[in-house]
Amino acid sequence: MTTHSHPVDHELIEAAAHVARTRCRGDNHTMAAAARARDGRIVTAVNAYHFTGGPCAELVLIGTAAAQGAYDLETIVAVGDRDRGVVPPCGRCRQVLLDYFPAVRVIVGAKDGLRAVPVAELLPESYVWADHQLDAGQGAPLGTD
């Protein structure tokens, strides 16, 4: 697998780290995420941890961004509370990010090896949801005609 690394958005990492330090308290909120929209805005969110599988910070961020009219996210990062640093997205978040923002870059790696990579590289040979949606007019999956 070839990794196409892009410049790391350190301002985005610091925004997520700030939210993790100041808003993540106790077991209910343990992760923060930040994303940069195409217009330059930074959107932040925290997870809603729950034993039933509450939403990750990245998923909360997608809804928060939409509520703020930020529909084109370019880069996203998640940071753990208690100074855990950058945390890569789980499999569910990787798939949702790919489906909503196929060109988004995800910041991953340890402090000395941070890199921003296209989400598709985090899911090689992935299922692409849009490729399997029915075209309302033809009854066949999109992309198969």
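Everything below is about the structure shown above.
Here is a short report on the structure shown in this document.

Cut-offs and rules
Residues numbered from 1 in each chain as written. Predicted model: local features only at pLDDT ≥ 70, side-chain atom pairs only at ≥ 80, totals over all residues. Heavy atoms only, no water. Helix = DSSP H or I, 4+ residues; strand = E, 2+ residues; numbered from the N terminus. Buried < 20%, exposed > 50% of the residue type's maximum accessible area, 1.4 Å probe, protein only. Pairing = 2+ DSSP bridges. Arc of directions from axis to C-beta. Contact = heavy atoms within 4.5 Å. Disulfide = S-S within 2.5 Å. Polar contact = N/O pair within 3.5 Å; in protein donor to acceptor, adjacent residues only side chain to side chain.

1. Here's the deal with unusual backbone geometry
1) Next: Non-glycine residue Arg 82 carries a positive phi angle of around 55°.
2) Next: Within the secondary structure, Arg 82 is located in the loop between β3 (73-80) and β4 (85-86).
3) Next: We classify Arg 82 as exposed; its relative accessible area is 63%.
4) Next: Unusually for a residue other than glycine, Asp 83 sits at a positive phi of about 55°.
5) Next: With respect to the helices, strands and loops of the structure, Asp 83 is situated in the loop between β3 and β4.
6) Next: A residue is classified by how much of its surface remains accessible, and Asp 83, at 68% relative accessible area, is exposed.

2. Points about the pairing of strand β2 (residues 42-46)
1) Next: For strand β1 (residues 31-37) and β2, the ladder comprises five bridges, and the chain directions are antiparallel. What sits directly across from Ala 32, in β2, is Val 46.
2) Next: Here β1 folds back onto β2, and the loop between the two strands holds four residues, one of which, Gly 40, carries a positive phi near 95°.

3. Digging into helix α3 (residues 91-100)
1) Next: Considered for burial, the residues of α3 that qualify are Cys 93, Arg 94, Leu 97 and Leu 98. Projected onto a plane normal to the axis of α3, the buried residues spread over an arc of 135° and lie on a single side.
2) Next: Along its buried surface, α3 packs onto α2 (57-67), β3 and β5 (105-108).

4. Concerning the state of the cysteines
1) Next: All chains considered together, the criterion is met by zero disulfides.
2) Next: Looking at Cys 93, it has no disulfide partner, and the nearest cysteine sulfur is the one in Cys 56, 3.7 Å off.
3) Next: A relative accessible area of 0% means that Cys 93 is categorised as buried.

5. Here's the deal with the side chain of Asn 47
1) Next: Topologically, Asn 47 is positioned in the loop between β2 and α2.
2) Next: A distance of 2.8 Å separates the side chain of Asn 47 from the backbone nitrogen of Thr 30, its partner in a polar contact.
3) Next: Aside from chain neighbours lying at most four places away, what touches Asn 47 is Asn 28, His 29, Thr 30, Met 31, Pro 55, Cys 56, Ala 57 and Val 60.

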